[in-house]
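Listed below, chain by chain, are the residues.
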Amino acid sequence: MFDVLTPLPADPILGLSAAYKKDTNPNKIDLGVGVYKDEQGRTPIMNTVQKAQRILLETEDSKTYIPQQGVQGFIDGMLQLILGQGHKALIENRIAAVQAPGGCGALRILAELIKRCDGDTTVWVSDPTWANHIPLIGNAGLNIKTYPYFDKTSASIKFDEMADCLKQVKKGDVVLLHGCCHNPTGADLNKDQWNTVLEIAQQTGFIPFVDIAYQGFGDSLEEDVYGVRLLANSLPEVIIAASCSKNFGLYRERTGLAVMITETPAIASITQTQIQSIARGIYSMPPSYGGALVDIILNTPDLKTEWMQEVTDMRERMKNLRKLLVDKLAEKGASKDFSFVNQQKGMFSFLCISPEQVEKLVNEHSVYLVSSSRVNIAGISLSNVDNLAEALVKVL
Ligand SMILES: Cc1ncc(COP(=O)(O)O)c(C=O)c1O
């Protein structure tokens, strides 16, 4: 049976991690996979997660199945975090939601749900978007098209072109938007641009699908959800996929949330049964552990306050690293102005250099990044920034 299969190339990002591990250069730098790192290059367990683990160890008294929708305290806490307390759709009971195995799991089951509603739906994604959006949505059998988003030459969002394209999207089609900290570019819509996206959605009738995987890594936990709250407040239907991998550091615990804001409470109830049946047909129910930890953190006031500070610390560290890199590049006489890196948000930046220059960085300088020139800002440190800036200056 299996002899008919042909080998596939390694995932470009995960393959890069493997190549980095093999490299014996002591000065190698890993800017590939999107994982937060501290100054020592470690991805530590957050303090609040450690505290929640201890609480869970003491209080969890069974390993029986959890309800199909997941840990209810997790769902309620996350909805409040994303939509804010007393959000209109929450009060009106127009929300269906399930815990999912990571943001990826949420994206996938939501894509399956869109297909159940209408198999001919096209999902519009930004050009570029996070590479995994394409298989997660496309493998559900949906059509995918792209809307213009980022101009590498000016290192900025091509908003006019984006808006013109979205105006052509037909009613009922779905537009995938990054809630904040756009992956891979780090270039986010400003408030005016979100307002325009809302107006276009109101005119055309497209359904926004917001992927929010980095809440708190951009400007703040509140400011980063401006767009998703705006859409959720003003439109009858919005789809949201959220991830706790980054802002709770729960990568391997596969902790995410799938949210469907619907037109009426009755439709929300029906949608809840449908999304649960989709999950049942794939993995039955989500893993409990990560959701249980987030439930404890978000629903214990002291822990929540401490967690918010931990998120702030990670965000501020990445902001400082951006500035450090930009300053070092200028200091070392880079022939290109990289100041745009300071305007970008979250964990990623596009350096806007060519694939050939990236290849040189990897092969000649042991600086590992994907060919699009996306870098994980958290991979920079006080100890490697000089080497990184020098290597960049050399390949320019
Ligand atoms: C834009 C975006 N969405 C969703 C995810 C999903 O993450 P996870 O499945 O690890 O929760 C990621 C992870 O890198 C991401 O960058």
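Quick caveat: nothing in here was measured; it's all calculated off a predicted structure.

### As for the site of the ligand
- In the vicinity of the ligand lie 13 residues, with Gly103, Asp211, Tyr214, Ser243 and Arg254 positioned nearest.
- Between the ligand and the protein, one listed contact pairs an oxygen atom with a side-chain N or O atom of serine 245 at 2.7 Å.
- Isolated, the ligand exposes 400 Å² of accessible area, and the fraction of that covered by the protein chains is 92%.
- Of all the cavities here, the one that holds the ligand is the largest pocket.

### Describing the side chain of histidine 133
- Here histidine 133 lies in helix H6 (residues 133-138).
- Within the structure, the side chain of histidine 133 is placed 2.8 Å from the side chain of threonine 129, a separation counted as a polar contact.
- Residues within four places of histidine 133 in sequence aside, it is in contact with Leu107, Gly138, Leu176, His178 and Asp211.

### Here we look at the pattern of salt bridges
- Applying the stated criterion across every chain, the model contains 16 salt bridges.
- Its salt-bridge partner being lysine 167, residue aspartate 164 comes within 4.0 Å of it at the nearest N-O pair. Within this pair, aspartate 164 and its partner lysine 167 are both found in helix H7 (residues 159-167), separated by 3 residues, close to a single helical turn.
- On the basis of relative accessibility, which here comes to 44%, the residue aspartate 164 falls in the partly exposed class.
- A single salt-bridge network, built from bridges that share partners, covers Lys328, Lys332, Asp386 and Glu390.

### Here's the deal with the UniProt feature "domain: Aminotransferase class I/classII large" (unreviewed entry) in the protein chain
- If you check UniProt for "domain: Aminotransferase class I/classII large" (unreviewed entry), the listed places come out as residues 27-392 in our numbering.
- The distance from the first to the last C-alpha atom of residues 27-392 is 14 Å, and the span holds 45% helix and 16% strand.

### A few points about the layout of surface pockets
- Within this model, the largest pocket holds a volume of roughly 650 Å³.
- Taken together, 30 residues form the lining of the largest pocket, with Cys104, Trp130, Asn132, Asn183 and Lys246 sitting closest to its centre.
- Among the secondary structure elements, those contributing two or more residues to the lining of the largest pocket are helix H1 (12-22), helix H5 (102-117) and H6.
- For the lining of the largest pocket, the residue count by class is 16 nonpolar, 9 polar and 5 charged.
- Lining the lining of the largest pocket are residues from two domains, each supplying at least three of them: domain 1 (9-44 + 314-395) and domain 2 (50-299).
- In this structure, the second largest pocket is lined by 21 residues; those nearest its centre are Tyr20, Asp30, Val33, Lys37 and Gly41.
- Elements represented by at least two residues in the lining of the second largest pocket include exactly H1 and strand S1 (29-30).
- Of all the elements, H1 adds the most residues to the lining of the second largest pocket, at 4 residues.
- A breakdown of the residues in the lining of the second largest pocket according to their chemical character gives 7 nonpolar, 8 polar and 6 charged.

### Considerations on the pairing of strand S4 (residues 143-148)
- Strand direction decides the pairing type here: strand S3 (residues 122-127) and S4, joined by 6 bridges, are parallel. Bridging from a neighbouring strand, aspartate 127 pairs with proline 148 of S4.
- Read from S3 through H6 to S4, the crossover connection turns out right-handed.

### A word on the environment of lysine 28
- Here lysine 28 is to be found in the loop between H1 and S1.
- Residue lysine 28 is classed as partly exposed on the basis of its relative accessible area, which comes to 21%.
- In this structure, the C-alpha to C-alpha distance between lysine 28 and isoleucine 353, residues 325 residues apart in sequence, is 19 Å.
- Apart from residues no more than four positions distant in its own chain, lysine 28 is found in contact with Tyr20, Lys21, Asp23 and Ser366.

### Observations concerning the domain arrangement of the protein chain
- In terms of domains, the protein chain is made up of domain 1 (9-44 + 314-395) and domain 2 (50-299).
- Between the C-alpha centres of domain 1 and domain 2 there is a distance of 28 Å.
- If you look at the interface, domain 1 gives 21 residues, while domain 2 gives 23 residues.
- Carbon and sulfur atoms supply 60% of the area that domain 1 and domain 2 bury against each other, a total of about 1800 Å² over both sides.
- If you sort the residues of domain 1 by the area they bury against domain 2, Arg315, Lys345 and Phe350 come out on top, with a joint share of 35%.
- Applying the counting criterion to the domain 1 and domain 2 interface returns 1 salt bridge.
- A salt bridge links lysine 345 to aspartate 219, with the shortest nitrogen-to-oxygen separation between them at 2.9 Å.
- Across the contact surface, domain 1 and domain 2 share 9 residue pairs in polar contact (both at pLDDT 80 or more).

Quick notes on the rules
Residues numbered from 1 in each chain as written. Predicted model: local features only at pLDDT ≥ 70, side-chain atom pairs only at ≥ 80, totals over all residues. Heavy atoms only, no water. Near = heavy atom within 4 Å. Polar contact = N/O pair within 3.5 Å; in protein donor to acceptor, adjacent residues only side chain to side chain. Areas by Shrake-Rupley, 256 points an atom, 1.4 Å probe, with all protein chains shown as cover. 1 Å grid on protein atoms, 1.4 Å probe; cavity = no way out; pocket = protein on both sides within 12 Å on 5 of 7 lines; lining within 4 Å. Sits in = over half its atoms within 2 Å of the grid points. Helix = DSSP H or I, 4+ residues; strand = E, 2+ residues; numbered from the N terminus. Contact = heavy atoms within 4.5 Å. Salt bridge = Lys/Arg side-chain N within 4 Å of Asp/Glu carboxyl O. Buried < 20%, exposed > 50% of the residue type's maximum accessible area, 1.4 Å probe, protein only. UniProt positions renumbered as here; feature names shortened; annotations may be inferred. Points joined across faces, edges and corners; volume = space filled by probe spheres on them. Nonpolar A, V, L, I, M, F, W, Y, C, P; charged D, E, K, R; others polar. Domains from an automatic or database assignment. Pairing = 2+ DSSP bridges. Right-handed = clockwise from strand over helix to strand, strands pointing away. Buried area = accessible area lost by both parts, 1.4 Å probe.

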